[in-house]
Amino acid sequence: MSRYVKPTVDVTKLVFIEEQPSDIKCGKCGKPMKFTIYYLDKESYDFLVCSDCELYMQRVIYED
């Protein structure tokens, strides 16, 4: 199961890899957010991003 939470890493230090459109809308402005993938130190990080609001939500996977 995955959730989107406030980022646990500093997004400005990550290397951008890929961006894809999503159907999820921003809670602040209502515009569609984008799925993005960043990379750092042999780890990848997935985010939902609203570029207008500069809102980042990190995907975290929890195992049941």
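Placed above this text is the structure.
Now for a look at the structure at hand. What you see is a predicted model; the values in this text were computed from it and never measured.

## Details of the overall build of the protein
(1) Moving on: For the protein, the count of helices and strands is zero helices and five strands.
(2) Moving on: Going from the N terminus to the C terminus, the protein shows its helices and strands as β-β-β-β-β.
(3) Moving on: Relative to its length of 64 residues, the protein is compact, with a C-alpha radius of gyration of 12 Å against a globular reference of 11 Å.
(4) Moving on: The principal-axis extent of the C-alpha atoms belonging to the protein is close to 35 × 30 × 20 Å.
(5) Moving on: Looking at the protein as a whole, 20% of its 64 residues qualify as buried.
(6) Moving on: Taking as baseline every contact in the protein between residues at least 6 positions apart, the subset at least 24 positions apart corresponds to 42%.
(7) Moving on: Accessible surface, the protein as shown: approximately 4,900 Å² in total, 50% of it carbon and sulfur.
(8) Moving on: The averaged location of the 11 negative side-chain charges in the protein is 6 Å from the averaged location of its 9 positive side-chain charges.

## Looking at a nonpolar patch on the surface
(1) Moving on: Among the surface-exposed residues, Val15, Ile17 and Tyr39 lie close enough to one another that they form a single nonpolar patch of about 270 Å² accessible area.
(2) Moving on: In this fold, Val15 is placed in strand 2 (residues 15–25).
(3) Moving on: When its relative accessible area of 46% is taken as the criterion, Val15 is described as partly exposed.

Rules used in this analysis
- Residues numbered from 1 in each chain as written.
- Predicted model: local features only at pLDDT ≥ 70, side-chain atom pairs only at ≥ 80, totals over all residues.
- Heavy atoms only, no water.
- Helix = DSSP H or I, 4+ residues; strand = E, 2+ residues; numbered from the N terminus.
- Rg over C-alpha atoms; globule rule 2.2 N^0.38 Å.
- Buried < 20%, exposed > 50% of the residue type's maximum accessible area, 1.4 Å probe, protein only.
- Contact = heavy atoms within 4.5 Å.
- Areas by Shrake-Rupley, 256 points an atom, 1.4 Å probe, with all protein chains shown as cover.
- Lys, Arg positive; Asp, Glu negative; His and termini not counted.
- Charge placed at Lys NZ, Arg CZ, Asp CG, Glu CD.
- Patch = residues over 30% accessible without salt bridge, like charges linked within 9 Å, V, L, I, M, F, W, Y side chains within 5 Å.
- Salt bridge = Lys/Arg side-chain N within 4 Å of Asp/Glu carboxyl O.

Spatial relationships are all this shows, so hold off on functional conclusions.
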